[in-house]
Protein chains: 2
Amino acid sequence: MNEQARIPRATAKRLPIYYRYLTFLEDAGTNRISSAELAEATKFDAATIRRDFSYFGALGKRGYGYDVKALLSFFAKVLDQSSLINVALIGVGHLGHALLNFNFHQSSNMRIAAAFDINEHRGKILSGVPIYDMSELEEQIKAQRINIAILTVPQEEAQEITDRLVSAGIKGIMNFTPLRVSVPDGVRVQNVDLTNELQTLVYFIQNYASITTGK
Amino acid sequence: MNEQARIPRATAKRLPIYYRYLTFLEDAGTNRISSAELAEATKFDAATIRRDFSYFGALGKRGYGYDVKALLSFFAKVLDQSSLINVALIGVGHLGHALLNFNFHQSSNMRIAAAFDINEHRGKILSGVPIYDMSELEEQIKAQRINIAILTVPQEEAQEITDRLVSAGIKGIMNFTPLRVSVPDGVRVQNVDLTNELQTLVYFIQNYASITTGK
DNA sequence: ACATTATCGTGAAATATTTATTAAATGGAT
DNA sequence: ATCCATTTAATAAATATTTCACGATAATGT
């Protein structure tokens, strides 16, 4: 049932969550896991989990569950955990600083390899990451073959910098600004809008009182 | 509640985004806006936007578009922008610090009114927000009638603190930890998992190359 | 060896969401 | 005043996603 027909997006978004929990289980020495236990930990419905896994083939054993090691090494391949992925951070303000200290590498194969800001920090190394001046953006991104960027600049600059990122070869942007930036086809933007998340939370509390599940 | 049939969740999540853009338009002195223009700014499909608005009744005029002021004041009511909403921040690490400096109040009716951490910062005031010791959690949350919390504590403590928050009356949690915490019915959790967002971005870039839209 | 139990995989049903289509209404141009 | 381009609202169709329900099957216990 495979030949890699495309996986539903909703499933794709859950993949990293499964992956992380599986690494936790392996570290804990757990050998087997059922969809029901996985559901308990991830808060996704057990049937959803089985369905998700089934897109990749029959990974489990009936009456038994899933073998943690096997599942983990399979998902490691799916998520391509084999190589380190370098990411650029654009804008080293408060949030940028926090992200520099946020150890992505600890629980994934990603790390911030370069950060950019206007003058203030240039030349410094913060949390082991060199800070470059914005003028070096294209040069460094190309030289370091980075194709993912985290954008934490003031809203006013977001579109202009996005354009520069795209022309430097960036293919994915995690956008922390409230502006919905425009990008050409082939570039993907993941918006992380903290004010919205909070406002949505407030709205749901006031209007959908008894429904629990987030995301 | 009201005679209003319940709005789809997908729509509810877009509401704050519409709201913010409408405030921007009003500030800019724009009087009318079409779904197509709104689509350009928000990156949602114009038909989706019209459908979203239509759940609230006929807010627009055919052949004309939407009146910015009218739409804005309507959404202000829907999102209950009338009163200030106090939020608690639990955990003042790097990310917590960034959130203290992140001016939610500027673009919404929310603000962090109290922050909690173990000893290090207790008694201080950071970015105008008093920092309390974790031991005062229940007391302060009840006294200040806070029902939303932002959780940026180490994963190991997340569930225990969540339980305390819930028993103190918290109804909504914006969870920055990778742990999927358990909460009773009536409490809503919004997970913001930065590592996941990045990993998802990587996955989409590698597997869905030409599809742009995020979220 | 056999029964019992656990648990997957999946077709089908149910929900949810987006997109296409069309008729009706509006404002502005002629 | 009439026509035309615009643009919504409503209905229908198409997609996407989740959930149900159950047969199939592996592991375990007797």
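Residues numbered from 1 in each chain as written. Chains lettered and ligands numbered in written order. Predicted model: local features only at pLDDT ≥ 70, side-chain atom pairs only at ≥ 80, totals over all residues. Heavy atoms only, no water.

A word on the protein's contact with DNA strand D
Piece 1. Around DNA strand D, a shell composed of 26 residues is seen, among which R14(A), S35(B), R51(B), R62(B) and G63(B) lie nearest.
Piece 2. At the protein interface, 66% of the atoms of DNA strand D within 4 Å belong to sugar or phosphate.
Piece 3. Contacts to DNA strand D include A10(A), whose backbone N or O atom sits 3.5 Å from a phosphate oxygen.
Piece 4. With respect to DNA strand D, the side chain of R62(B) contributes an N or O atom lying 2.6 Å from a sugar or linking oxygen.
Piece 5. Class assignment for the residues of the surface near DNA strand D results in 7 nonpolar, 7 polar and 12 charged. (Near = heavy atom within 4 Å. Polar contact = N/O pair within 3.5 Å; in protein donor to acceptor, adjacent residues only side chain to side chain. Nonpolar A, V, L, I, M, F, W, Y, C, P; charged D, E, K, R; others polar.)

Description of the interface of chain A and chain B
Piece 1. Of the residues lining the interface, 76 residues belong to chain A; the matching set on chain B comes to 76 residues.
Piece 2. Carbon and sulfur atoms make up 61% of the surface buried where chain A meets chain B, a total of about 7300 Å² over both sides.
Piece 3. Counting across the chain A and chain B interface gives 2 salt bridges.
Piece 4. Joining chain A to chain B, the criterion identifies 12 residue pairs in polar contact (both at pLDDT 80 or more).
Piece 5. When the residues that make up the side of chain A that touches chain B are grouped by side-chain class, the tally is 41 nonpolar, 21 polar and 14 charged. (Contact = heavy atoms within 4.5 Å. Buried area = accessible area lost by both parts, 1.4 Å probe. Salt bridge = Lys/Arg side-chain N within 4 Å of Asp/Glu carboxyl O.)

Remarks on the protein's contact with DNA strand C
Piece 1. Inspection of the region around DNA strand C gives 25 residues, with S35(A), R51(A), G60(A), Y66(A) and R62(B) positioned closest.
Piece 2. Counting only atoms of DNA strand C within 4 Å of the protein, the sugar-phosphate share comes to 65%.
Piece 3. R50(A) places a side-chain nitrogen or oxygen 3.0 Å from a base nitrogen of DNA strand C.
Piece 4. A10(B) is positioned with one of its backbone polar atoms (N or O) 3.4 Å from a phosphate oxygen of DNA strand C.
Piece 5. Where the surface near DNA strand C is concerned, the elements lending two or more residues are α3 (46–54) of chain A together with α1 (9–27) and α3 (46–54) of chain B.
Piece 6. For the surface near DNA strand C, the per-class residue count stands at 7 nonpolar, 8 polar and 10 charged. (Helix = DSSP H or I, 4+ residues; strand = E, 2+ residues; numbered from the N terminus.)

A closer look at the domain arrangement of chain A
Piece 1. According to the domain assignment, chain A contains domain 1 (2–78) and domain 2 (85–195).
Piece 2. Using C-alpha coordinates to define each centre, domain 1 of chain A is positioned 31 Å away from domain 2 of chain A. (Domains from an automatic or database assignment.)

Notes on the packing of aromatic side chains
Residue and element names in this part refer to chain A.
Piece 1. Per the stated rule, a full pass over the model turns up 28 aromatic pairs over all chains.
Piece 2. When the centroid spacing of 6.4 Å and the interplanar angle of 40° are considered together, the rings of Y18 and F75 count as tilted. With Y18 in helix α1 (residues 9–27) and F75 in helix α4 (residues 68–78), this pair connects stretches of sequence that are 57 residues apart.
Piece 3. The class of Y18 is buried, set by a relative accessible area of 1%. (Phe/Tyr/Trp six-rings, centres within 6.5 Å; stacked < 30°, edge-to-face > 60°. Buried < 20%, exposed > 50% of the residue type's maximum accessible area, 1.4 Å probe, protein only.)

What about the pairing of strand β7 (residues 148–151) of chain A?
All names here are of chain A.
Piece 1. Residue alternation in β7 divides its side chains into two sets, I148 and I150 and A149 and L151, and both sets are buried.
Piece 2. The pairing of strand β3 (residues 85–90) with β7 spans 4 bridges and is classified as parallel. From the neighbouring strand, A88 faces β7, where its bridge partner is A149.
Piece 3. Handedness of the β-α-β unit built from β7, helix α8 (residues 155–167) and strand β8 (residues 172–175) comes out right-handed. (Pairing = 2+ DSSP bridges. Right-handed = clockwise from strand over helix to strand, strands pointing away.)

Here's the deal with the sheet that holds β7(A)
All names here are of chain A.
Piece 1. Read across the open sheet, the 7 strands follow the order β5-β6-β4-β3-β7-β8-β9; overall the sheet is mixed. The open sheet is flanked by β5 (125–126) and β9 (188–191), the only strands paired with a single partner.
Piece 2. The sheet strands contacting α8 are β3, β7 and β8, and the helix crosses β7 at an angle near 170°. (Axes fitted to C-alpha atoms, helices over the stretch in contact; angles between N-to-C directions.)

Focus on the environment of S54(B)
Residue and element names in this part refer to chain B.
Piece 1. Tracing the sequence through the fold places S54 in helix α3.
Piece 2. What makes S54 partly exposed here is its relative accessible area of 41%.
Piece 3. Residues S54 and H105, spaced 51 residues apart in sequence, show a C-alpha to C-alpha distance of 29 Å.

Details of the pattern of salt bridges
Piece 1. For the structure on display, the rule yields 8 salt bridges over all chains.
Piece 2. Put simply, R20(B) and D193(A) hold a salt bridge, and the shortest N to O gap is 2.4 Å. Placement of R20(B) in helix α1 and of D193(A) in the loop between β9 and α9 (194–207) is noted, with the two residues assigned to different chains. Comparing R20(B) with D193(A), the two get one shared label, buried.

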